[in-house]
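# Close look at the chain arrangement
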Amino acid sequence: MPMKLSAEQLDAYNQDGFIVIENLVPPDEVESLRDRLREYTHGGRRSDSIYITIEPRIKRGELKVDNPGDGIRKVGNLVQVDDLFRALGLNQNIIGILEQILGPDIKIFRNDLLMKPPEVGSQKGWHQDSPYWPIEPMALCSCWFALDDATAENGCLSVLRGWHKKGPLPHIKVTDDFVIDQDHRGDSLESVLAPVPAGGGVFFHSLLPHYTAPNRSEKWRRAIALSYMSAKSRYTKEGEGPNYFHVKGKTHPGCVR
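Residues numbered from 1 in each chain as written. Predicted model: local features only at pLDDT ≥ 70, side-chain atom pairs only at ≥ 80, totals over all residues. Heavy atoms only, no water.

### As for the overall build of the protein chain
Assigned secondary structure in the protein chain consists of six helices and 16 strands. Expected size for 257 residues packed as a compact globule is a radius of gyration near 18 Å; at 18 Å, the protein chain falls within 12% of this value. Counting only C-alpha atoms and orienting by the principal axes, one finds that the protein chain spans roughly 50 × 45 × 40 Å. Within the span of the protein chain, comprising 257 residues, buried residues form 52% of the whole. When contacts within the protein chain are restricted to residue pairs at least 6 apart in sequence, long-range pairs at least 24 apart make up 83% of them. Just so you have it, the protein chain exposes about 12200 Å², and 48% of that area is on carbon and sulfur atoms. Charge separation in the protein chain, taken as the distance between the mean sites of 32 positive and 34 negative side-chain charges, equals 4 Å. (Helix = DSSP H or I, 4+ residues; strand = E, 2+ residues; numbered from the N terminus. Rg over C-alpha atoms; globule rule 2.2 N^0.38 Å. Buried < 20%, exposed > 50% of the residue type's maximum accessible area, 1.4 Å probe, protein only. Contact = heavy atoms within 4.5 Å. Areas by Shrake-Rupley, 256 points an atom, 1.4 Å probe, with all protein chains shown as cover. Lys, Arg positive; Asp, Glu negative; His and termini not counted. Charge placed at Lys NZ, Arg CZ, Asp CG, Glu CD.)

### Quick notes on the packing of aromatic side chains
One pass over the full model with this rule turns up four aromatic pairs. Note on Y132 and F178: the rings are 5.2 Å apart at their centroids and 90° apart in plane angle, and the pair reads as edge-to-face. Remark: F178 occurs in strand β10 (residues 177–180) and Y132 occurs in the loop between β5 (124–127) and β6 (135–136); sequence separation between them is 46 residues. By the ring-pair criterion, three or more aromatic residues cluster together here, those being F109, W133 and Y244. Above the face of the W163 ring, K166 is positioned so that its terminal group lies 4.6 Å from the ring centre. (Phe/Tyr/Trp six-rings, centres within 6.5 Å; stacked < 30°, edge-to-face > 60°. Lys NZ or Arg CZ within 6 Å of the ring centre and 35° of its normal.)

### Comments concerning the environment of D183
Its place among the elements puts D183 in the loop between β10 and β11 (191–194). Under the relative-accessibility criterion, D183 is labelled exposed at 69%. Spatially, the C-alpha atom of D183 lies 35 Å from that of P242, the residues being 59 residues apart in sequence.

### Quick notes on the layout of surface pockets
Estimates place the volume of the largest pocket at around 1100 Å³. For the largest pocket, the lining is made up of 50 residues, of which K74, R110, L114, K124 and Y132 are closest to its centre. The leading source of residues in the lining of the largest pocket is strand β4 (residues 106–116), at eight residues. Residues that form the lining of the largest pocket fall into these classes: 23 nonpolar, 13 polar and 14 charged. (1 Å grid on protein atoms, 1.4 Å probe; cavity = no way out; pocket = protein on both sides within 12 Å on 5 of 7 lines; lining within 4 Å. Points joined across faces, edges and corners; volume = space filled by probe spheres on them. Nonpolar A, V, L, I, M, F, W, Y, C, P; charged D, E, K, R; others polar.)

### Overview of the sheet that holds β11
Across the sheet, four strands lie side by side as β5-β13-β8-β11; this open sheet has antiparallel pairing. The open sheet terminates on both sides in strands that have one partner only, identified here as β5 and β11. Adjacent strand axes in the sheet meet at a mean angle of 25° when their direction is disregarded. Both strand β8 (residues 157–160) and β11 contribute to a ladder of four bridges, which runs antiparallel. Each residue of the ladder has a partner; that of L160, found in β11, is S191. (Pairing = 2+ DSSP bridges. Axes fitted to C-alpha atoms, helices over the stretch in contact; angles between N-to-C directions.)

Dropping the structure here:
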C-alpha cells in the first residue's frame with residue numbers, strides 16, 4: 001500500500017506549509033539514482049531533452065573545479081527521459097501523499113535536480129515558487145527528495161513556517177537570483193531548518209518561502225525538486241501551454257494539458 005499522511009500530518013502540512021517524510025524510497029534505489037545521476041554529470045551520459053545549469057561563479061570564471069561535473073548547479077527534465085527518475089516521479093509513496101494534498105488528478109509541473117557540490121554549491125535566496133510559475137491557483141506541491149543526507153552544513157532547506165498563508169510576496173531581481181524583497185520578509189525569526197536523510201523528502205506548498213545555504217561541507221548535497229499540480233490548474237500565459245507530464249487521473253477541458 002502507498003504511504004499516506006495521518007490526519008495530524010495532513011493538518012500540519014496545511015498549517016505549516018510543509019512536512020518532512022522519511023523513508024519514501026529504500027536505500028538501494030537511492031544508490032541507483034545517485035549512480036545514474038553521476039553518469040549524466042561525470043560519465044558522459046546525455047539526452048537532448050535535459051538541460052544543465054552551471055554554478056554562477058564558475059560560469060563567470062571566478063571559481064575553477066577539477067571536473068566539469070563538480071560545477072553543475074541544476075539538471076532538468078530527467079523524469080521525462082530517464083527510466084529510474086521517471087519511476088521516482090511516479091513513486092507510489094510520493095503520489096499517495098500528493099493525492100491527499102492535490103486530489104486524484106495530478107500532473108508534474110517541473111522536475112529539477114538541485115546540486116550543491118562540496119564547497120562549491122552556492123546559496124539559493126529566499127523565494128516562493130509560484131511567483132516564478134504561470135499556473136493558477138498558486139497551490140502546487142513539491143516533493144524535495146534527498147539523494148544525499150541534507151543537513152544544516154551542506155545546504156538543507158530552510159522555510160518560513162506558515163508563511164504560505166500570506167499569499168504571493170513581492171520578488172526582486174538580484175545578481176543571479178530572483179528573491180523576496182527584504183522589506184516584505186524582514187528579519188524574521190520564524191525560519192526553521194528542514195533537514196532530511198537520503199531517501200526522504202520535504203513536501204511543501206508553492207507559496208512557502210524557502211532558502212538553501214551554501215554547501216560549506218566536504219559532502220555532496222543532491223536533491224530533486226519534483227513539483228506537482230492538480231490537473232484542474234490553469235495555465236496563465238498566452239496560448240495553451242506545454243503538454244505537462246501526466247501522473248494520474250483525468251485531464252480537464254480548459255485546464256493544463
